[in-house]
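Descriptive analysis of the structure
Next come the chains, spelled out residue by residue.
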Amino acid sequence: MKVKRGNFFSLLVIAAIICSFTLMTPAVGFSAGKPIVIGGSLPLTGAYAETGQWIEKGMRFWADEINSKGGMLGRTVEFKIYDDQSDVGKAVTFAEKAITVDKVDLLFGGYPGTAARAVMPVAEKHKFVYVSMGGHMKSFEQGYTYSFGAPPLMGEWWYEGFFHWLATVPADKRPKRAAVYTINNPVGLSLMDSINRWTKKLNIEIVINEKYNAPLTDATALIVKAKQSRCDILFANGFFPDGVTTMKAAKALGYNPKAIVQGIGSVVPAWVKELGKDGDYVFSGTCLSGQLSYPGNDKLNAYVKKTYNLNEYPLYFGFGYSWMQTLEQAVAGAKVLDQTKIRDWLKANKVNTIAGPMTFDKRGLPEPINFGTQIINGKVELISPKNVQTKEPVYPKPAWEK
Amino acid sequence: MDAVLIFQSLISGIMMGMVYALLGVGFSLTWGVMHVIHISHGAFGLLGAYAAYSLLQYFGVDPIASAAMSVPLLFLMACGLYQLLIRPITRAKNIIMASMILTFGLAIILENIMALIWKADPRVLTPAYSSGALIVGPFYFQYPHLVGFGLSLVGITALYLFLKKTYTGMAVRAAWQQPEAARLYGVNLFQISMITFALAVSTAGAGGICLALLNSFEPHSHNLWLIYLFLVVIVGGVGNVIGTALAGLIIGVITGLSMAFLPFQWVNLVTFGLLMVFLIFRPHGIFKQEGL
């Protein structure tokens, strides 16, 4: 069939118009250009694998979400995640490798605090924005300008929520004598800051104040000392393994103070799952919770319910998501992948995360964030401040269940 | 110093030490008899712990019964592993080094398999008696400690009697003390090595269950257990069952007394300081005499 010259020209114009419309319309799930690569390492095996894997899940959930909306700056995002095997040295090596060899576009935050603390100077040296949990207060006081905690995991703030609630308990009903056992590492020691300040303020005498080195294979002596010293509040400033050992010994030896406050271990999902009723009534703190009303929390809870059959997203899933949320807003705000421009945008603007809105000071820290928690009927409930309270705290601690 | 605190710390220290001894006795045997430093020994212990965890969670099987099931299963599994992996390296020039490298790899593989099956989440073995105690006057004997101690005592005694009283056991001893003479007397050294390796792995499984009664565990926990394995074996003497048991008790007493008298942060320093002392002054362990 012969096509007339005029008709052919018309067809060409129509085809060009259709093509230009296709290119101009921002298609959902489609973005042009090379993907933005976000690199770094997580402890996917080794001592911190459980938490590391939850962070990865949170980050990947964010990536799927952002890619389905067309990506960042019109480009899809993808991760280059190395497994640092819970080794701080390897975390540093992989951060260097991601920046210098892989030439990633962005860096993601690592875990635990010791690794994040070690990666912060690497990020600073290469002028890469590093949004992570940080390595407690000291790591943010080194003069770094490219590191941000969004939210940070700050031992110094960890018990603030609990103490704020305790201050509302009538003075005659408050504990009088405290036993404080702290794991001898930067995380454990950072918890002492709020304990020292608040016990003084609330007139609680610290009768025992001892440090121990991991592993704590037996807590019998710790509990016997606390019991004999008639301590009516126990601060077990450690992680999951030492927390479990301490709780089991406390129950077996019939030690039931008015309150047990546990460091980081009790907010790990395994605490409730593995200890059952024996893990109940333990106080702690958090800077993130699926029970907060900030936008995004419902969506995350629905996802973990559907995917992992959990009623609420685990803390570290939230961390991974929140750090990426912050980075996303900073890139969108800066409109380029220039690290200094991203940093400057973060220093000058507010980000909205699942942990709430945040602005950052010159250290890269938001205003102190902490919510008091207590495990009640196998669930981590928010007890403080009052405006986020999900349940009235149970105090004094009921007797151990037989 | 309070007598209750001292006694209580001593009790739990001794019970704990005995569990380390059960976990370590097989490690000591493979090292002594076969010259194989079995780095994945703790990982097999952890396998026993995970098996007990699953049996308790899904079928309500008590860890003591789990130990009875795991021990023969691990024995059979270890026989297969011996043929497949360990036997070939006994031809190596430097068996100790070759075995360390091979079993280090095996430990990593086992760790990853366990992480795949049971996930990286920490686990706690919680039978009904997991946080109960027998109260005698002012003293508390925690049931998990008692069960762990009892199982360890039975395990070590059974192993000792097997080595002392049975023909196969005597052949194991002969292979350890005079391998060439044993071969001349018709002892099949490969078969004996296989039995030794399988026995060792079985005791690791039982020891792992006992340790899981006391502490939480994760796929990488075997690395920590390995430190205690070296401790009991070096203090007790390589290949020495009684020495290993005694080492467990000594470590328990020292740990218990340190907990009572010293700041807690010094306990590990004292315990592992003991390792240094033995390595310098008594590298052969408590007993001068080599053997089982």
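Below you will find a few notes about this structure.

Conventions adopted
- Residue numbering note: each chain is counted from 1, following its sequence as written.
- Each chain gets a letter, beginning with A, and each ligand a number, beginning with 1, in the order they are written.
- Where totals are concerned, whole chains, interfaces and linings use all residues; where local detail is concerned, this predicted model gives features only for residues with pLDDT of at least 70, and gives and counts side-chain atom pairs only at 80 or more.
- Contact between residues is assigned whenever the C-beta positions, reconstructed from backbone atoms, fall within 7 Å.
- Helix and strand definitions follow DSSP, with helices as H or I runs of at least four residues and strands as E runs of at least two, each counted in order from the N terminus.
- Every angle, taken between N-to-C directions, lies between 0 and 180 degrees, and every axis is a line fitted to C-alpha atoms, over only the stretch in contact when it is a helix.
- Each angle gets one of four labels, with under 35 degrees taken as roughly parallel, over 145 as roughly antiparallel, 65 to 115 as roughly perpendicular, and the rest as oblique.
- Crossings are assigned a handedness: left-handed for a near helix turned anticlockwise from the far helix by less than a right angle, right-handed for a clockwise turn.
- Side-chain classes follow a simple rule in which Ala, Val, Leu, Ile, Met, Phe, Trp, Tyr, Cys and Pro form the nonpolar group, Asp, Glu, Lys and Arg form the charged group, and the remainder, Gly included, forms the polar group.
- In short, DSSP must find at least two bridges between two strands for them to pair.

Some thoughts on the interface of chain A and chain B
Taken together, the contact between chain A and chain B spans 32 residues of the former and 30 residues of the latter. Every element with two or more residues in the side of chain A that touches chain B is listed here: helix 2 (49-68), strand 7 (205-212), helix 9 (220-228), helix 10 (240-252) and helix 11 (269-275) of chain A. Looking at the side of chain A that touches chain B element by element, the count peaks at 7 residues for helix 10 of chain A.

What to know about the packing of helix 5 (residues 143-165) of chain B against helix 8 (residues 189-214) of chain B
The relative placement of two packed helices comes down to the angle between their axes together with the axis-to-axis distance. Residues and elements named next belong to chain B. For the pair helix 5 and helix 8, interaxial distance at closest approach is 8 Å and the crossing angle is 170 degrees. It follows that helix 5 is roughly antiparallel to helix 8 by the angle criterion. Helix 8 is crossed by helix 5, and the crossing has left-handed handedness. Contacts between helix 5 and helix 8 involve Pro144, His145, Val147, Gly148, Leu151, Ser152, Gly155 and Leu159 from the first element and Leu199, Thr203, Ala206, Cys210, Leu213 and Leu214 from the second. Class assignment of the residues belonging to the contact of helix 5 with helix 8 gives a composition of 9 nonpolar, 5 polar and no charged.

Looking at the sheet that holds strand 3 (residues 106-107) of chain A
Hydrogen bonds between backbone atoms are what pair the strands of a sheet, whose relative direction is either parallel or antiparallel. All names here are of chain A. Strands sit in the order 2-1-3 across an open sheet of 3 strands; the sheet is parallel. Only two strands of the sheet have a single partner each, and these edge strands are strand 2 (77-83) and strand 3. When strand 1 (residues 36-42) meets strand 3, the two strands line up parallel, connected through 2 bridges. Looking at the pairing, isoleucine 38 lines up with leucine 106 of strand 3. Contacts from helix 3 (residues 88-100) reach strand 1, strand 2 and strand 3 within the one sheet, and its direction differs from that of strand 1 by about 165 degrees.

Description of unusual backbone geometry
All names here are of chain A. For the bond running from tyrosine 111 to proline 112, omega is -5 degrees, close enough to zero to count as cis. Relative to the helices and strands, proline 112 resides in the loop between strand 3 and helix 4 (113-125). The omega angle of the peptide bond from alanine 214 to proline 215 is 0 degrees, so this bond is cis rather than trans. You can see proline 215 is positioned in the loop between strand 7 and helix 9. For serine 86, which is not glycine, the phi torsion reads 65 degrees and is therefore positive. When you line up the elements, serine 86 lands in the loop between strand 2 and helix 3. For lysine 335, which is not glycine, the phi torsion reads 65 degrees and is therefore positive. Mapped onto the fold, lysine 335 is located in the loop between helix 13 (315-334) and helix 14 (339-348).

Digging into the sheet that holds strand 9 (residues 259-262) of chain A
Residue and element names in this part refer to chain A. One open sheet accounts for 7 strands, arranged 7-6-8-9-10-13-14; its pairing is mixed. In this open sheet, the two strands that pair with only one neighbour each are strand 7 and strand 14 (379-384). Sheet twist, expressed as the average angle between the axes of neighbouring strands with direction ignored, equals 25 degrees. Taken together, the 5 bridges between strand 6 (residues 177-183) and strand 8 (residues 233-237) define a ladder with parallel strand orientation. Bridge pairing in strand 8 links tyrosine 181 to alanine 236.

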